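# Working through the structure, step by step
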Amino acid sequence: KAGTAVKPGETELARQLEYIRAIRAENDAFAAENGRKKKFYSLAMGCQMNAHDSEKLEGMLDEMGFDRTDEETEADFIIYNTCCVRENAEQKVYGKLGWLKHYKETKNPDAVIALCGCMMQQETVLQTLRQKYRHVDIVFGTFNLYKLPELVATRMESGETVYDIWQEQREVVEDLPAIRHFPYKASVNIMFGCNNFCSYCIVPYVRGRERSRTPEDILAEVRRLAADGVKEVMLLGQNVNSYGKNLETPVSFAELLRMVNEVEGIERIRFMTSHPKDLSDELIQAMADCDKVCKYLHLPVQSGSDEILRRMNRHYTKESYMELVRKARAAMPDITLSTDIIVGFPGETEEDFQETLDVIRKSRYSTAFTFIYSKRTGTPAATMENQVPEDVIKDRFDRMLNILNPIVHEVHEEQLGKVMTVFAEEASKQDKTVLTGRADNNMLVHFKGTEDLIGQMVPVKITENKTFYLIGERM
């Protein structure tokens, strides 16, 4: 329209939709000729951010006329959205690529293999792909996911391998089609990238610097989801607590939470991840005030030792972390906490490790994501002296679980007899009469029920504790 300003990304979105239409026409012609539609297989590795990115990739492939399959051996288009936080995630990709070479040679020579995500932002990985894995067809990174249709079209036209790696974000393209894995819940990116540069983490190097979306765009997306039947949204960012600092008109994450809480149709709001250095009193108060915000906080501690936290470049102390735990519990007595912990960071002594165990005992987590330190090339920690021997790390890791798991059991035991509102998400694959979902406090609950309850908030009385999940009966 004349005189109407074009939002950033709208022109690019229109370009990609043109590519989608052209590919769709070719795929429809293939289906008419062969009596079957082409199929795609999609695998997201790593974090929630990757899972959400893959929903967009899958949405675009669906629009291009591909059908989804859960069997790699049936697929004409295979896409892996990769993770590089830990070394074993990268080894898994290389293992799969070896198998895919055999698949293309013996079963489906026309299959297209695409790789994207964090792993592709590393020069060493690109060199390895070019030298050893020439059967890969499309390679792109974290900043240009929206270009998938163009890259597919280029591959179809040229028959050559397409590499398209950007070193930074150029523009954010909104309104991409997406396939949600659950019709009643969805993730919403509120920001991209990270400014923290923790010394063990490669994320800022592969996802770029922090960029917040505007509240207007976020709220518009949440309203669209609510109109589409979504009842629970997960607000995603590498560090949601620093949301809004780089906007023209700064808006705090606490303010955004209050705005999302007002959206009609949305019944539950979750978010991750919270960095302790930026967790404000304002945010704790907003969590307590907002009736739709779950009383659950994922607050990664990583280590209980001030010296190790300093070496990790985390910008908080054990004491300041425990003060946040105290404030959260004072504002919300029923809140449950989860965390991330790294064992065996370079320089970690037995005394440092004991400080971590002390935090676990005092914080009483309902669950924890525990990791053995993984050296990532390109991070400051990779070249630090005093790397901890593997046998020592393994011993500490086992001792930590021996402290942690009984506490997790006790926290779940405290729920016995309580009536919880459980958001029924899906039926058990083993027994369709058993439904599974999460309570407000993020605990996983299984209960007997019919499939028409999926997507509803169901009152459930907790009857049994299985340590990592609960069993209940409908009220």
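Here we summarise the structure given alongside this text. (Residues numbered from 1 in each chain as written. Predicted model: local features only at pLDDT ≥ 70, side-chain atom pairs only at ≥ 80, totals over all residues. Heavy atoms only, no water.)

## Thoughts on the packing of helix α7 (residues 215-227) against helix α8 (residues 253-261)
Closest axis-to-axis distance for the α7/α8 pair is 10 Å, and the angle between their directions is 30°. When the interaxial angle is binned, α7 and α8 end up roughly parallel. Taken as a pair, α7 and α8 cross one another with a handedness that is right-handed. Each of P215, I218, L219 and V222 in α7 lies in contact with α8, whose residues at this interface are L256, M259 and V260. When grouped by side-chain class, the residues that make up the contact of α7 with α8 number 7 nonpolar, no polar and no charged. (Axes fitted to C-alpha atoms, helices over the stretch in contact; angles between N-to-C directions. Helix = DSSP H or I, 4+ residues; strand = E, 2+ residues; numbered from the N terminus. Parallel < 35°, antiparallel > 145°, perpendicular 65-115°, else oblique. Left-handed = near helix turned anticlockwise from the far one by under 90°. Contact = heavy atoms within 4.5 Å. Nonpolar A, V, L, I, M, F, W, Y, C, P; charged D, E, K, R; others polar.)

## Structural notes on the pattern of salt bridges
Under the counting rule described, the total for this entry stands at 34 salt bridges. As a salt-bridge pair, D137 and R155 come within 2.7 Å of each other at their nearest N and O atoms. With D137 in the loop between α4 (123-132) and β5 (138-140) and R155 in helix α5 (residues 148-158), this pair connects stretches of sequence that are 18 residues apart. Comparing D137 with R155, the two get one shared label, buried. Note that E348 is salt-bridged to R396, the shortest N-O span being 2.9 Å. Residue E348 is found in the loop between β13 (336-343) and α12 (350-363), and its partner R396 is found in helix α13 (residues 390-413); the two are separated by 48 residues along the sequence. Here E348 and R396 have matching classes, each one buried. (Salt bridge = Lys/Arg side-chain N within 4 Å of Asp/Glu carboxyl O. Buried < 20%, exposed > 50% of the residue type's maximum accessible area, 1.4 Å probe, protein only.)

## Some words on the nonpolar core
Membership of the largest hydrophobic core comes to 88 residues, with the highest contact counts inside it found for V233, L235 and F253. Tallying contributions element by element places α13 first for this core, with 7 residues. Beyond its immediate chain neighbours, meaning those up to four positions away, L235 contacts V188, I190, V240, F253, L257, V260, I269, R270, F271 and M272. Within the second largest apolar cluster, 27 residues are counted, among which are C83, C84, L126 and L129. (Core = buried A, V, L, I, M, F, W, Y, C linked by side-chain atoms within 4.5 Å.)

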